[in-house]
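Given next are the chains, with one letter for each unit.
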Amino acid sequence: AEIRRILYCNEGWKEEYGGSLRLYPNTQHLRHPKEAKDVCNNPIDVFPLNGRLIIFDSRLVHSVEKVHGDRLRQALTLWITRPLEGAGVKGETWSVALKKR
């Protein structure tokens, strides 16, 4: 499975600017947002607010909504792919709990 992390870097971004990441829950078996719209009645919109970090399974069908006006939507994206079972790769799993200040 591939896990995607997106850190939004949009100082002063407002929801009315658009540009949200639209996630379609339980759509890992589909390939395109058009297919997902037919089966998913409750997509989740995540606005690219500055400092927001999103972590999700990149097999989920997702899209980026239109940005309104002459604005630049900025994000830092990281993909992490886990080796297949039985691939001979060994490693450790680490978990870190973050606390809000």
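Report follows, based on the coordinates. (Residues numbered from 1 in each chain as written. Predicted model: local features only at pLDDT ≥ 70, side-chain atom pairs only at ≥ 80, totals over all residues. Heavy atoms only, no water.)

## Details of the nonpolar core
Within the largest apolar cluster, seven residues are counted, these being Ile6, Tyr8, Leu21, Leu23, Val46, Ile54 and Phe56. Contributions of two or more residues to this core are made by β1 (2-8), β2 (21-23) and β4 (53-57). Leave out the neighbours within four places in its chain, and Tyr8 touches Leu21, Phe47, Pro48, Leu49, Asn50, Gly51, Arg52, Ile54, Arg73, Gln74 and Ala75. Ranked by size, the runner-up nonpolar core spans five residues in total, among them Tyr24, Leu30, Cys40 and Val61. (Core = buried A, V, L, I, M, F, W, Y, C linked by side-chain atoms within 4.5 Å. Buried < 20%, exposed > 50% of the residue type's maximum accessible area, 1.4 Å probe, protein only. Helix = DSSP H or I, 4+ residues; strand = E, 2+ residues; numbered from the N terminus. Contact = heavy atoms within 4.5 Å.)

## Digging into the sheet that holds β1
Strand order across the open sheet formed by three strands is β4-β1-β6, with antiparallel pairing between neighbours. This sheet does not close on itself; its edge strands, each paired only once, are β4 and β6 (75-81). Ignoring which end each strand starts from, the neighbouring axes of this sheet average 15° apart. Strand direction decides the pairing type here: β1 and β4, joined by five bridges, are antiparallel. Each bridged residue has a counterpart across the sheet, and for Ile3 the counterpart in β4 is Asp57. (Pairing = 2+ DSSP bridges. Axes fitted to C-alpha atoms, helices over the stretch in contact; angles between N-to-C directions.)

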